Amino acid sequence: MTGPGESPEQAVEQALVRALDGVDVERARREFWEQNECLFLERFLAPEVVERHLLPEVDKLRPNVHRNYIPGHKKGGSISSYTLAEKAPLFLTLYKSPAFIDFVSRLTGARLLPCPDDDPHACALYFYTEPGDHMGFHYDNSYYKGARYTVLMGLVQRTEHCRLVARLYRDDPTRETREIQWAYGPGALLIFNGPKLYHAVTPLAPGEERIVLTMEYVTDTEIGVFKRFVSNMKDAIAYFGVRALIRRRPGRKGRVPAKEARLRSHLRPDNKEAPS
């Protein structure tokens, strides 16, 4: 509940502090390392906080969802951090919370930082809203010079079929690979070392819906020019579209910025330098 004179940002920040106070950090840390740098907290942020403060923002953003389909890999919708910053900054309040970043840093044993503001994937929303929406198996590899950690928070889980499935210990030759599935409802949290967890999202059935907040943290915010270009191409093709990656200056409607023109040229089918 929002108290008298309390903003939604203050309410979420205080709810986050209460949630962190309820976590046994040492126990969570042990479980994180025992599970190949992966931890699932089924009840982290109170569901009523998600429903009261975050879901109205989700509903407001629905017209901005960019849908894409890559045969054999993924089908679904997403919203970039640029759009969140412009239209739903409440999500960035959560993402950049010093208390939350400190918690994830203690858990992982690394000094974590938010991704730079020019990274559209730093804090984003994933929408699984149409039959067959899914994500194929992959790692969350880092384009930055340091390590990358992924935090997923459940917002909507109105589905019995669409779940995150992971293969733990796949990169550890001394242990047997173990497959596990998670269905995380409002406020549930999954934290993992991106390049270590091989994971996917199973297909959505008709009449179902799943919406997730993704937050990325790194140990080094430096990124090379070529890797930034590759990262932008991946985000443009597989997630947010070219237009969602361009933050326009006021008063330039109707003009195509040079950066967008370059991105478009690389995405043309007849351009031999376009990613496969």
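(A) Examining helix H1 (residues 8-21) more closely. In a regular helix each residue adds 1.5 Å, so 14 residues correspond to 20 Å; H1 covers 20 Å between its end C-alpha atoms and thus fits that length. Turning to H1, its buried residues are Ala11, Val12, Ala15, Leu16, Ala19 and Leu20. Packed against the buried residues of H1 are helix H3 (47-61), helix H5 (90-95) and helix H6 (98-108).

(B) Just the nonpolar core, in detail. Core analysis: the largest hydrophobic core is formed by 52 residues, its most contacted members being Phe44, Leu45, Leu54, Phe91, Phe100 and Leu155. The biggest single contributor to this core is H3, with six residues. The residues touching Leu155, leaving out its near neighbours within four places in the chain, are Val50, Leu54, Leu55, Val58, Phe91, Leu125, Pro186, Ile211, Val212 and Leu213. Within the second largest apolar cluster, 15 residues are counted, among which are Leu152, Ala188, Leu190 and Val212.

(C) Fine view of the side chain of Glu37. You can see Glu37 is positioned in the loop between helix H2 (25-34) and strand E1 (38-41). Not counting residues up to four positions away in its chain, the partners in contact with Glu37 are Phe32, Tyr149, Ile191, Phe192, Asn193 and Lys196.

Analysis parameters
- Residues numbered from 1 in each chain as written.
- Predicted model: local features only at pLDDT ≥ 70, side-chain atom pairs only at ≥ 80, totals over all residues.
- Heavy atoms only, no water.
- Helix = DSSP H or I, 4+ residues; strand = E, 2+ residues; numbered from the N terminus.
- Expected span 1.5 Å × (residues − 1).
- Buried < 20%, exposed > 50% of the residue type's maximum accessible area, 1.4 Å probe, protein only.
- Contact = heavy atoms within 4.5 Å.
- Core = buried A, V, L, I, M, F, W, Y, C linked by side-chain atoms within 4.5 Å.

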